[in-house]
Every structure is written in C-alpha cells, then in structure tokens.
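# A structural walkthrough
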Amino acid sequence: MKIIDGGVCAAKGFKAGAIRCGIRKSQTKKDLAMILSDCECSAAAVYTTNRVKAAPILLTMDNLSNGKARAVIVNSGNANACAPFGIENARREAMAAARALHVAMEDVVVASTGVIGQTLSVECIEEHAGSMEMKYGNSMAAAEAIMTTDTKVKTIAVEFEADGKTCHIGGICKGSGMIHPNMGTMLSFITTDCAISSEMLDKALKADVKKTFNRVTVDGDTSTNDMCCILANGMAGNLPVEQEGPDYDAFCAALHMVTEDLARKIAADGEGASKLMTCTVSGALDEDTAEQLCKSICSSSLVKAAIFGSDANWGRVLCAMGYSGAAFNTEEVTVEFASKAGTVTVCEKGRGLDFNEELAKEILDQEEVEINVTLQEGSGNVTCWGCDLTYDYVKINGDYRT
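Residues numbered from 1 in each chain as written. Predicted model: local features only at pLDDT ≥ 70, side-chain atom pairs only at ≥ 80, totals over all residues. Heavy atoms only, no water.

- In the nomenclature of an unreviewed UniProt entry, the protein is known as Arginine biosynthesis bifunctional protein ArgJ of Clostridium symbiosum.
- The Subcellular location (unreviewed entry) field of the UniProt record for the protein holds the comment "Cytoplasm".
- Quoted straight from UniProt, the Sequence similarities (unreviewed entry) entry for the protein says "Belongs to the ArgJ family." (UniProt positions renumbered as here; feature names shortened; annotations may be inferred.)

Dropping the structure here:
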C-alpha cells in the first residue's frame, strides 16, 4: 500500500470538473464541482448527526437508499440549509448534474456548503453545469471549488491490492470551522475502482468514520451539511468484495489511510489555527472510555488556548478529563507534551512534576503538537485531532455571513 497522486481521479474511470457559476461573491473562485464515474457504482455515505439537516443531505439520503450512484455535484457559498425552497432547489441541482452528465437524477449525490438560511441561486447552477469540462486527472480543480474558509486543499490517494489486482482509492474534502466529533462542517468525497458490494462498502465506511472524521474537533459546533460519501465502480477488475476476509481487510486499511490523512488535514486547517493538536489517551479501561476522555481534551477551549500560547498548562488537560463523564483513576494519570522539538512529562500519577519550562515552550511552539495521556486501567487507546484556538478564529466567524 502506498500513497499516490490523483485524489478522486486516482481510481480508474473517474472524472472531475469545476467552474465558477456565481454563487459566491468572489469573481474568481470556482464554486461548483462535479465527479463522474464511467459506470454505475456501489455507494455509501455517512451524514451529520445534527437534527437540523440541510436539503441536499435529505435528498442524498433518499438517492442512496438503493446503495447505488454514479455522480456527485457540490456547490460552495450556500449551504441550502433552513432555506426557502430547499428541497426543490436541491432537486434542481441534482437535475442540472443529471442533464450535464447524462445520468439519472436518482444516481446523483448532492452536497452544499456555505451560509445557512439563504436561498440557493440554483439558476446559476442550471446555467453553468452543462459547460463544465469533466476530465480524468482533474481532482485538484474539484478540491479547490468545494473550499469555503479552508486555506489549504485537502486531498490524498492510495494504491493497494485486492484479489491480486492493483486498486486505487482517493479522496478530497473540505473542512475548517464548525468541526466537532460526529461530523463537523466537512464534506468528503472518496472514490475507488475496487469492486465491493454496497453492503460491505457501507459497513467499512461507517466503522472507519468513527475512528477518523468523528475524532476531529475544531470548535465544538456540528454542522447541518456534513457528509462523507464513497463511490466504488469496480473497474480495477478484482472479484467483488462481498464478505469479510483478506481483501476486505486490505480495502479497509486503504480507506483508513485516506480518511485519517484527510481528518488530520481538517484539524490542521481549523479556522485561524496555527497548530495541529494530536491527543492520544492510552491505558484507559476500554476504547469508549479512551475516546470520551480524548474528545473532551481536544474539545476544551482552555486546552486549545493554552496550546496557542505554548503554555504547558497540564491542569487544563486533567480538568477536561474530569468533566468528560468518563470513569478513570485520577491517581494514575501521566501527561506529556511532545513535538519534533522533544518530549516533556509534566504530570505523573495525577500530580505535577518539576519540568523545564523553556523546553516545554519550545515543544509547544511547533506546528504539530502532541498531548499524550497514559492511564493504567486497561487496553483502551484512542487518538483524536484538533487545533489551537487563536484570535483569528473570532475574526473569521465574526463576519462570516456578511
């Protein structure tokens, strides 16, 4: 298994395109993207857990109920959530893609991202979708078009083997703010040429997302539009993966490499962020306990602010663990901070240690920082990703709509 170029076009038979259709105020930024498979795909998706779900989510849930799809259309600049004519406009967007790509409307995944509560200028989509140039190897254009407050393109592709055949899986995503466990404002589109049934694809994706995208937090908000979908067109020529076994395991490993990389990139590009924060809790009673503790630490505004200030304030880590609701022995907690500058242990058996403050600051000054918490209660081991909380986060969100 190895990382390759190509994003959502790394897999055989997938094209992508992007165009500026006028949804966004920007006169230069592309705001509409489409992805197309040469043939019908097995399909699966996971969605936001927010009770308020945007119209594109509801339409896509219906379209994917048969486990099949062939195309994706996604716009940025308008979420089409809690908006007038939401479902009608989501259907019109799907129809625009269907006409442009010569597929059935029911085979189109629809996604939107941007401002909530405003009517989608669907006429712009209908006018320009047909003129979008769809090309193999055009993943980067699509990745750029789905960005909102993102500052970096997020993409990856992996090559692996199943049934002795070389398979490919790749993805693009957007996500920067309104990111919290159980999907944040993130859209992720993954494609593969591995032949796999809809049922096994759904099983693999749901299991994987729990350990990747659902372990990212930026600001504690969960959006109305979150979606991760995957299309598998089988063009690698392997025997279809229809049950658990070595080929399923190989697929799951490749999928995990893709989603974990994208999850880390979302956390690193958190709105206003200057540092990627990786938190690992090990030795917890079980995985659920470790996850609860880890998410609480990563979600803590005080922990995030301390990381921003390069302040080795380990008390905030213990505080976040304490209100997480998870059971743990407070007398058996070790906390260390680490980065490429080194490692410093700041707490042992629940008590503070004398440590080198200058070294601690140097460690926390790096762009990637680790918070490692060790317990002595079991085999639970979980890693979550977040970012620091900076002044720029408030600036970005203070005038996001206007």
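### Brief notes about the nonpolar core
- Core analysis: the largest hydrophobic core is formed by 36 residues, its most contacted members being Phe160, Ile169, Phe213, Ile230 and Phe251.
- Elements supplying a minimum of two residues to this core: β3 (32-47), β7 (154-162), β8 (165-175), β9 (186-192), α5 (198-209), β10 (227-232) and α6 (246-268).
- In contact with phenylalanine 160, other than residues within four places in its own chain, are Met1, Lys165, Thr166, Cys167, His168, Ile169, Thr192, Cys194, Ala250, Phe251 and Ala254.
- Judged by nonpolar contacts, the second largest core, of 34 residues, contains Val333, Val346, Ala360 and Leu375. (Core = buried A, V, L, I, M, F, W, Y, C linked by side-chain atoms within 4.5 Å. Buried < 20%, exposed > 50% of the residue type's maximum accessible area, 1.4 Å probe, protein only. Helix = DSSP H or I, 4+ residues; strand = E, 2+ residues; numbered from the N terminus. Contact = heavy atoms within 4.5 Å.)

### A closer look at the pairing of β9
- Counted residue by residue, β9 has seven buried out of seven residues, so it is predominantly covered.
- Two elements, β8 and β9, share seven bridges in a ladder whose sense is antiparallel. The residue bridging isoleucine 172 from the neighbouring strand is phenylalanine 189, located in β9.
- With six bridges connecting them, β9 and β10 associate as parallel partners. The residue of β10 that forms the bridge with phenylalanine 189 is cysteine 229. (Pairing = 2+ DSSP bridges.)

### Here's the deal with the pattern of salt bridges
- The full count for this structure, using the stated rule, is 16 salt bridges.
- Between lysine 154 and aspartate 150 there is a salt bridge, with its nearest N and O atoms 2.7 Å apart.
- Taking the relative accessible area as the measure of exposure, lysine 154 reaches 1% and is therefore buried.
- Linked through salt bridges whose partners overlap, the residues forming this network are Lys211, Arg215, Glu287, Glu291 and Lys295. (Salt bridge = Lys/Arg side-chain N within 4 Å of Asp/Glu carboxyl O.)

### Things to note about helix α8 (residues 301-308)
- Taken as a whole, α8 has its buried residues at Val303, Lys304, Ala306 and Ile307. Take α8 and look down its axis: the buried residues cluster within an arc of 160°, on one side only.
- The distance from a side-chain oxygen at the start of α8 to the backbone nitrogen of leucine 302 is 3.3 Å, and the residue carrying that oxygen is serine 300. (Arc of directions from axis to C-beta. Polar contact = N/O pair within 3.5 Å; in protein donor to acceptor, adjacent residues only side chain to side chain.)

### Quick look at the sheet that holds strand β12 (residues 334-339)
- Strand order in the open sheet made by the six strands is β14-β13-β12-β15-β11-β16, with mixed pairing throughout. Strand pairing shows two members of the sheet lacking a second neighbour, β14 (351-352) and β16 (380-387), which therefore form its edges.
- Bridge count for strand β11 (residues 276-284) against strand β15 (residues 368-374) is seven bridges, and the pairing is parallel. Each bridged residue has a counterpart across the sheet, and for threonine 278 the counterpart in β15 is glutamate 370.
- Sheet strands in contact with helix α7 (residues 287-299) are β11, β15 and β16, and its direction is about 20° off that of β16.
- The strands touched by helix α9 (residues 314-322) are β12, β13 (342-348), β14 and β15; relative to β12, the strand with the most contacts, the crossing angle is about 125°. (Axes fitted to C-alpha atoms, helices over the stretch in contact; angles between N-to-C directions.)

### Things to note about the pairing of β7
- Pairing geometry for strand β1 (residues 2-4) and β7, over three bridges, is antiparallel. Its bridge partner lying in β7, lysine 2 is registered against glutamate 159.
- Pairing of β7 with β8 involves nine bridges; the strand directions are antiparallel. For threonine 155, the partnering residue across the bridge sits in β8 and is isoleucine 172.

### Some remarks on the packing of aromatic side chains
- For the structure on display, the rule yields two aromatic pairs.
- Pairing phenylalanine 160 with phenylalanine 251 gives two aromatic rings, centres 6.2 Å apart and planes at 65°, and the pair type is edge-to-face. Remark: phenylalanine 251 occurs in helix α6 and phenylalanine 160 occurs in strand β7; sequence separation between them is 91 residues.
- Residue phenylalanine 251 is classed as buried on the basis of its relative accessible area of 0%.
- Their ring planes at 85° and their centres at 5.2 Å tell us that phenylalanine 308 and tyrosine 391 sit as a pair that is edge-to-face. Remark: tyrosine 391 occurs in helix α11 (residues 391-398) and phenylalanine 308 occurs in helix α8; sequence separation between them is 83 residues. (Phe/Tyr/Trp six-rings, centres within 6.5 Å; stacked < 30°, edge-to-face > 60°.)

### A look at the side chain of asparagine 80
- Here asparagine 80 is to be found in the loop between β4 (68-78) and α2 (86-101).
- Look at asparagine 80 and you get buried, because its relative accessible area is 0%.
- From its side chain, asparagine 80 meets the backbone oxygen of glycine 86 in a polar contact 3.1 Å long.
- In this structure, asparagine 80 is in contact with Ala54, Ala55, Pro56, Gly86, Asn89, Ala90, Ser112, Val115 and Leu120, ignoring residues within four places of it in sequence.

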